[in-house]
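# Results of the structural survey
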Amino acid sequence: MKEQLKKLSKESLKFLDDSFGIHGDALDSFTEEQYDELYDRLCDIEVEETIKADDEPLSDRGRMASDLVTILGEVYAQEWESIDDEMDSGTNIMAVSDDVIASSMEPDAEWTPEEIRKWYHQHHTEEGLARTYAVASNNFWWGEDEAYDFEEGTPECQETCRITDAWGNLSKELEVEIFSLLKNEGWEIPESGTLEVLVPFMVRNGYYYNIGWWEPKEE
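I will try to describe carefully the structure that is included in this document.

Quick notes on the rules
- Residues numbered from 1 in each chain as written.
- Predicted model: local features only at pLDDT ≥ 70, side-chain atom pairs only at ≥ 80, totals over all residues.
- Heavy atoms only, no water.
- Salt bridge = Lys/Arg side-chain N within 4 Å of Asp/Glu carboxyl O.
- Helix = DSSP H or I, 4+ residues; strand = E, 2+ residues; numbered from the N terminus.
- Buried < 20%, exposed > 50% of the residue type's maximum accessible area, 1.4 Å probe, protein only.
- Axes fitted to C-alpha atoms, helices over the stretch in contact; angles between N-to-C directions.
- Parallel < 35°, antiparallel > 145°, perpendicular 65-115°, else oblique.
- Contact = heavy atoms within 4.5 Å.
- Nonpolar A, V, L, I, M, F, W, Y, C, P; charged D, E, K, R; others polar.
- Left-handed = near helix turned anticlockwise from the far one by under 90°.
- Phe/Tyr/Trp six-rings, centres within 6.5 Å; stacked < 30°, edge-to-face > 60°.
- Patch = residues over 30% accessible without salt bridge, like charges linked within 9 Å, V, L, I, M, F, W, Y side chains within 5 Å.
- Areas by Shrake-Rupley, 256 points an atom, 1.4 Å probe, with all protein chains shown as cover.
- Core = buried A, V, L, I, M, F, W, Y, C linked by side-chain atoms within 4.5 Å.

Right, let's get into the pattern of salt bridges. For side chains bearing opposite charge, pairing can occur when the charged atoms are close. Enumeration according to the criterion identifies nine salt bridges in this entry. Here Glu11 ties to Arg63 by a salt bridge, and the two come within 3.2 Å at their closest N and O atoms. Of the two residues, Glu11 is situated in helix H2 (residues 10-20) and Arg63 in helix H4 (residues 60-86); the sequence distance between them amounts to 52 residues. For Arg63, a relative accessible area of 32% translates into the label partly exposed. Salt bridges linked by common partners bring Glu11, Asp60, Arg63 and Asp67 together as one network.

Here it is as structure tokens:
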């Protein structure tokens, strides 16, 4: 990570300084947790500026954040590829801590929104975006339905709604990223009925739409 960040342009380093007060030299002493936090904050800026831009070109702030997200995402992907190469074929290893998800597997429906978000940070590709969106969207609609199983105002209902809201927020963030990608390809994103663009995106990444659920296509 540190070696890659040493190659940042002066423009990128100035952006980090102006936005977060992080000087170039400070990156040398960053911990993995600090890199993760920086990545999260850059992702937030990218999403915020993408929403503001709508159909217009991304602002300089959004462009810089997007470029840095891409750089860090590529570093994360390389790190996890090296871990995957060390694993025996077919081995399923998952170790979840408060700060890191060590996994070579696809996102799991049993993960929390925070865990799936971290998985995506390590697999920041179009395929990873689709997989993450499928899990987030499916869990959101599952939670929406499950909330009706509890009496309103009970601790069970409140906790289910809290988790469901977290899945909903993550789904919206991922949709913004998907729509931004599709706009760059020349797609027009409708104000309503967005399934007409979501379905082709998900299909090309291995998922089909089944009455409210995203399911992986059979090999």
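Okay, the packing of helix H5 (residues 113-122) against helix H7 (residues 155-184) next. Following both chains from N to C, one finds H5 and H7 inclined at 25 degrees, their axes separated by 10 Å at the closest point. Between H5 and H7, the angle is such that the two are roughly parallel. In contact with Pro113, Ile116, Arg117 and Tyr120 of H5, H7 contributes Ile163, Ala166, Trp167, Leu170, Glu173, Leu174 and Glu177. Each residue belonging to the contact of H5 with H7 can be placed in one class, and the counts come to eight nonpolar, no polar and three charged.

Our focus in this paragraph is the packing of helix H6 (residues 126-146) against helix H8 (residues 195-204). Interaxial distance between H6 and H8 falls to 9 Å at its minimum, and their mutual angle equals 120 degrees. In this structure, the crossing between H6 and H8 has a hand that is left-handed. Contacts from Glu126, Leu129, Ala130, Tyr133 and Ala134 of H6 reach H8 at Leu198, Phe201, Met202 and Arg204.

Here the focus is the packing of aromatic side chains. For the structure on display, the rule yields five aromatic pairs. Considering the side-chain rings of Phe15 and Phe20, the 6.5 Å spacing of their centres and the 85 degrees angle between planes classify their relative orientation as edge-to-face. Comparing Phe15 with Phe20, the two get one shared label, buried. Aromatic pair Tyr133 and Trp214: ring centres 6.2 Å apart, planes at 55 degrees, arrangement tilted. Note that Tyr133 is positioned in helix H6 and Trp214 in strand E4 (residues 213-216), a separation of 81 residues in sequence. Relative accessible area serves as the criterion here: at 3%, Tyr133 is assigned to the buried category. Feature note: the residues Tyr133, Tyr209 and Trp214 constitute an aromatic cluster, connected by ring pairs.

Before going further, it helps to examine a nonpolar patch on the surface. A cluster of nonpolar side chains, contributed by Trp141, Trp142 and Trp213, occupies part of the molecular surface with about 370 Å² of accessible area. The topology assignment puts Trp142 in helix H6.

Grouped together as the largest cluster of nonpolar side chains are 24 residues, with contacts concentrated most on Ile178 and Met202. Mapped onto this core, the elements with two or more residues apiece are H5, H6, H7 and H8. If you tally residues by element for this core, the top one is H6, at seven residues. If near-sequence neighbours (up to four positions away) are discounted, Ile178 is found in contact with Leu129, Tyr133, Leu198 and Phe201.

Functional significance is not addressed by these values, which are geometric in nature.
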